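Structure assessment
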Amino acid sequence: MTQLERFLDTFFNAAVLEKYAPAILQGVWVTIELSILIVLSGIALGGALACLRAYRVRFLSFCIVIFADIFRALPPLVLILIVYFGLPNAGIFLSSFVVLYAILTLILAAFAEEIIWAGITSVPKGQWEAARSTGLGFTQALVWVVLPQAVRLAIPPLTNRAIAITTMTALGTVIGVPDILNQATTAQSFSGNASPLMLAAVAYVLLFMPFVVLSRWLESRFAWRKV
Amino acid sequence: MTEPRAAELAAAPVAPAKGRRLPALEVAALHKSYGDTQVLSGINLKVAPSELVFVLGPSGSGKSTMLRCCNRLEEPDSGEILLKGTRVTGPGVNLNQIRQRIGMVFQAFNLYPHLSALKNVALALRKVRGMSRAEAEARAIEALTQVGLADKAGNHPSALSGGQQQRVAIARALALEPEVMLFDEPTSALDPELVGDVLAVMRDMKSAGMTMLVVSHEMKFAQEAADRVIFMDGGHIIEQGPPEQIFGSPSHERTQAFLSRVTGG
Amino acid sequence: MDKFAEQFLNLEIMAAAWPTVVQGLWVTLLICAVVIPMGMVGGLLAALGALSPTRAVRWPVIAFVDFFRAIPPLVLLIFVYAGLPFAGLDISPFTAVAVAFFLNNSAYYGEIFRAGLLSVGTGQTEAARSTGLTAGQSLVHVVLPQAVRNVLPDLISNTVEVVKLTSLASVVSLGEMLHQADLARSVTYNASPIVLAAGIYLAILWPCVRLISRFERRIAT
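Residues numbered from 1 in each chain as written. Chains lettered and ligands numbered in written order. Predicted model: local features only at pLDDT ≥ 70, side-chain atom pairs only at ≥ 80, totals over all residues. Heavy atoms only, no water.

1. What about the overall build of chain C?
Rules: Secondary structure is summarised from DSSP: a helix means a run of H or I of at least four residues, a strand means a run of E of at least two, and numbering begins at the N terminus for each. Exposure classes here rest on a 1.4 Å probe applied to the protein chains alone. A residue is buried below 20% of its type maximum, exposed above 50%, and partly exposed in between. Contacts were defined at the residue level, with two residues in contact if any of their heavy atoms lie within 4.5 Å. None of His or the chain ends enter the tally, which takes Lys and Arg as positive and Asp and Glu as negative. Charge placement uses NZ in Lys and CZ in Arg. For Asp and Glu, CG and CD serve respectively.
Across its full length, chain C holds ten helices and zero strands. Mapped in sequence order, the helices and strands of chain C form the string α-α-α-α-α-α-α-α-α-α. Considered along the principal axes of its C-alpha atoms, chain C spans approximately 70 × 50 × 25 Å. Across the 221 residues in chain C, those meeting the buried criterion constitute 50%. Considering only contacts in chain C between residues 6 or more positions apart, those separated by 24 or more positions represent 76%. Across chain C, the centroid of the 13 positively charged side chains sits 13 Å from that of the 12 negatively charged ones.

Shown next as structure tokens:
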């Protein structure tokens, strides 16, 4: 066999691919499901926390900052392992899917809170003053005047961060979540061939590349807003 | 607030002094400091209904601070602000309600960039007055017509010139039908050729009988339109009187010095 | 509550696991010392490539950057570690980690440097060139320092990400801190060693994270 043939046989073996493609496809669904759930919950939670911080209740803000700091400073895998291995011994039993979802959501929420809060504080004070001068209450000013502007500022960094975190769904492999990588490594050890891994890599790239390109477009579109 | 003054106000919160009309806006014994700097040292001012009071002074004189205390964008350390006899300062005041009765126009316009001119004006009407969308937008169009910009209702602030933005800002304040309008250097951020349009709107408001308190450098406008001119410096009101008196024959040395500096002396 | 403390905050077990975990910490720091500089250099080159006036350079570089941002680091790592041997390339876990992280980091640092370079107006380059400086000199002495200052929070933020990324090396059995901590866990059936590792990560990275937030606030206002 020539070099090329051997390469193709190792990474693009048609027979192996055909056999394991369905399993990997299932993994794709799991990854998609997880990603959507994480992005929706994470950003919603982060946004809510950022809004709470706007009320400047000392103790509350303090707790939010502590939460955001801890979940941004710790490696996701560390948190996942602590929760996954620790909770059962403490009497709480959660599926690996739930553990992965919960941890990644909290991490995204922590980053989202900081990003959206930075957006809120970037909105010029004059906007608050103008809104309050017309009789709008604090919450009304926050919701109708400040937040829309803050979110626009937050979209580029938020998209980037969301992509980075959803690619971490691959970590689910370590605790047995049947995602793409898990299916691929299993298939690889059964077949003794690297094609499933190649397919997994391709699947991930196909899945996430559109979003990476989208975020690139969003950055250029919102760039003019940066003063 | 000193004890005698507090007792006075508690005894007669809304009773006007005998024989006089209730002032539209009253500033009483206003004090404010930032850290060690005393910005306002006992300001007393009464603005009569439909009066246009023009406030002059060097930067740091406290004129903007005084204006911003009137709708409590700044909190005075002591003293009182009264709107037609109703207290603006002090605890237990429904600030959001009071603010509907006081209109504020800012140097930086502060239009909401994510909303069209129409929605800028209609927002408070919908959220604070609880008007339906149709009612609010109708009233907003009226206000925009008053400032001559009904045709720009659908435009966003970024598509408007500075002068147009400021006029929309005025419409936004007018839409709530306030009793008093406060102007914080309304034309200072505008290119010279756009200033005229804004001043024209302000002149119209004066003719319509609006009570106005204006902090500005537009001397010509003061000479033509103001009922009273006040000169402030170092947190005090140094001198006040009709424009002819202040511009023509100011009595205080500081007033004279300021005027000669400013009018290209 | 007691069960929690016993499972997660068992001081005895932490003390016993301490030597193993600290051993891992050294490996973590070693990985960082190799991967971060490599990633930054790669990123700078990627940024320059992405800003090249020649389309033939720009497009492949941008494709490279987008590709390595789209592929999860763990997938890349496992592909390099487990896949390449099939092609006849035998590499140690450390090399696999170095290669995978270099590719991943270059993409992320590349984007940051690109934003930084763009934020310095063309006027700066024009001024520098008109005083006779070469393109390389203008870049190094005029543009780059400003670019770095403008995106410092993002650079620090990404470096923090890289430090956290090292924990992935545990999956390919490289003995960095998480790997060691997990080893201790599997032996003791207690999660406290990992909590200990978490504590060490916090001790190192929490101040950095705080610093980033402070920075961002100042630049925003």
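2. Thoughts on the sheet that holds strand β5 (residues 86-87) of chain B
Selection rule: Here, any two strands with at least 2 DSSP bridges between them count as paired.
Taking strand neighbours across the sheet as the criterion, the four strands line up as β2-β1-β4-β5 (chain B) in an open arrangement whose pairing is antiparallel. Edge positions in the sheet fall to β2 (37-47) and β5 of chain B, since each has one partner strand and no second.

3. Examining the interface of chain A and chain B
Spelled out, the test is: In short, buried area is how much 1.4 Å probe accessible area vanishes from two parts on joining, totalled over both. What counts as a salt bridge is simple: a side-chain nitrogen of Lys or Arg found within 4 Å of a carboxyl oxygen of Asp or Glu. Think of a polar contact as two N or O atoms within 3.5 Å of one another; within protein, one of them needs to be a possible hydrogen donor and the other a possible acceptor, and neighboring residues in sequence only count if both atoms come from side chains. Put simply, Ala, Val, Leu, Ile, Met, Phe, Trp, Tyr, Cys and Pro go in the nonpolar bin, Asp, Glu, Lys and Arg in the charged bin, and everything else, Gly too, in the polar bin.
Across the contact, 18 residues belong to chain A and 20 residues belong to chain B. Both sides of the chain A and chain B interface together cover about 1,700 Å² of buried area, and 56% of this is carbon and sulfur. At the junction of chain A with chain B, the criterion picks out one salt bridge. Residue B:Arg68 is joined to A:Glu129 by a salt bridge in which the shortest nitrogen-to-oxygen separation is 2.5 Å. Scanning the region where chain A abuts chain B turns up eight residue pairs in polar contact (both at pLDDT 80 or more). Looking at the side of chain A that touches chain B, the elements with two or more residues in it are α6 (125-133) and α7 (138-166) of chain A. When residues in the side of chain A that touches chain B are grouped by element, the largest group, eight residues, is from α6(A). Of the residues contributing to the side of chain A that touches chain B, the split by class is six nonpolar, eight polar and four charged.

4. Here we look at the environment of B:Ala200
You can see B:Ala200 is positioned in helix α7 (residues 192-207). C-alpha of B:Ala200 to C-alpha of B:Pro186: the two residues are 14 residues apart in sequence and 12 Å apart in space.

5. Observations concerning the pattern of salt bridges
If charged atoms from side chains of opposite charge come close, those side chains can pair. Taken as a whole and assessed by the stated rule, the structure comprises 29 salt bridges over all chains. When the shortest N-O distance is used, the salt bridge between A:Asp69 and A:Arg72 registers 3.0 Å. You can see A:Asp69 and its partner A:Arg72 sitting in helix α3 (residues 58-73), three residues apart, about one turn around the helix. Take A:Asp69 and A:Arg72: they sit in the same class, and that class is buried. The shortest N-O distance in the salt bridge between A:Asp69 and C:Arg210 comes to 2.6 Å. Of this pair, A:Asp69 sits in helix α3 while C:Arg210 sits in helix α10 (residues 192-220), which puts the two residues in different chains. Judged by its relative accessible area of 28%, C:Arg210 falls in the partly exposed class. Here the residues in one salt-bridge network are A:Arg53, A:Asp69, A:Arg72, A:Glu113, A:Glu114 and C:Arg210, joined through shared partners.

6. Some words on the sheet that holds strand β10 (residues 236-241) of chain B
Residues and elements named next belong to chain B. Quick reminder of the rule: As a rule, the C-alpha atoms of each element are fitted with a line to give its axis, helices using only the stretch in contact, and angles between N-to-C directions run from 0 to 180 degrees.
Overall, mixed pairing links the six strands, which are arranged β6-β7-β8-β3-β9-β10 in an open sheet. A strand with exactly one partner marks an edge of an open sheet, and here the two such strands are β6 (102-105) and β10. Strand-to-strand, the axes of this sheet are offset by a mean angle of 20°, without reference to chain direction. For strand β7 (residues 180-184) and strand β8 (residues 211-215), the ladder comprises five bridges, and the chain directions are parallel. Counted as the bridge partner of phenylalanine 183 is valine 214 from β8. Sheet contacts for α7: β3 (52-56), β7 and β8; angle to β8, the most-contacted strand, approximately 145°.

7. Here's the deal with the packing of aromatic side chains
To describe a pair of aromatic rings, you give the distance between the ring centres and the angle between the ring planes. Rules: Side-chain rings of Phe, Tyr and Trp, where Trp is taken by its six-membered ring, are said to pair if the distance between their centres is within 6.5 Å; with planes under 30 degrees apart they count as stacked, over 60 as edge-to-face, and otherwise as tilted. Remark: a charge is flagged as sitting over a ring if the NZ atom of Lys or the CZ atom of Arg is within 6 Å of the ring centre and within 35 degrees of the ring normal.
Applying the stated criterion across every chain, the model contains nine aromatic pairs over all chains. Note on A:Phe67 and A:Phe71: the rings are 4.9 Å apart at their centroids and 40° apart in plane angle, and the pair reads as tilted. You can see A:Phe67 and its partner A:Phe71 sitting in helix α3, four residues apart, about one turn around the helix. Arranged with centres 5.3 Å apart and planes meeting at 70°, the rings of A:Tyr84 and A:Phe85 form a pair that is edge-to-face. Overall, A:Tyr84 belongs to the partly exposed group, its relative accessible area being 25%. Here a set of aromatic residues connected by ring pairs shows up, and it is made of A:Tyr55, A:Trp128 and A:Phe138. Across from the ring centre of A:Phe111, 3.8 Å away, lies the NZ or CZ of A:Arg161, which sits over that ring. Lying over the aromatic face of A:Phe85, C:Arg185 brings its terminal NZ or CZ to 3.4 Å of the ring centre.

8. Examining the interface of chain A and chain C
Opposite the 52 residues of chain A that make contact, chain C presents 50 residues. Here chain A meets chain C over a buried area of about 4,500 Å², counting both sides, of which 71% is carbon and sulfur. Counting across the interface, chain A meets chain C through four salt bridges. Those elements that place two or more of their residues in the side of chain A that touches chain C are α1 (3-11), α3, α4 (76-89), α5 (96-122), α7, α8 (180-191) and α9 (195-222) of chain A. Here the element with the most residues in the side of chain A that touches chain C is α9(A); it accounts for eleven residues. A class-by-class count of the residues in the side of chain A that touches chain C yields 33 nonpolar, 13 polar and six charged.

9. What to know about the packing of helix α2 (residues 11-50) of chain C against helix α8 (residues 152-165) of chain C
All names here are of chain C. Threshold: Geometric relationships in this document are graded by angle, where less than 35 degrees denotes roughly parallel, more than 145 denotes roughly antiparallel, 65 to 115 denotes roughly perpendicular, and other angles denote oblique. Two helices that cross are described as forming a left-handed crossing if the nearer one is turned anticlockwise from the farther one by less than a right angle, and a right-handed crossing if clockwise.
Their axes nearest at 10 Å, the elements α2 and α8 cross at an angle of 140°. As judged from the angle between their axes, α2 and α8 are oblique. You can see that α2 and α8 cross each other, and the crossing is right-handed. Packed against α2, whose contacting residues are Cys32, Val35, Ile36 and Met40, the element α8 presents Thr159, Val162 and Val163 at the interface. Partitioning the contact of α2 with α8 into residue classes produces six nonpolar, one polar and no charged.

10. Focus: the pairing of strand β1 (residues 25-34) of chain B
All names here are of chain B. In terms of strand pairing, β1 meets β2 through eight bridges, oriented antiparallel. What sits directly across from leucine 30, in β2, is isoleucine 43. Linkage of β1 to β2, two consecutive antiparallel strands, is achieved through a turn of two residues, within which glycine 35 is found at a positive phi near 60°.

Function-wise, these values are silent; they only describe arrangement.
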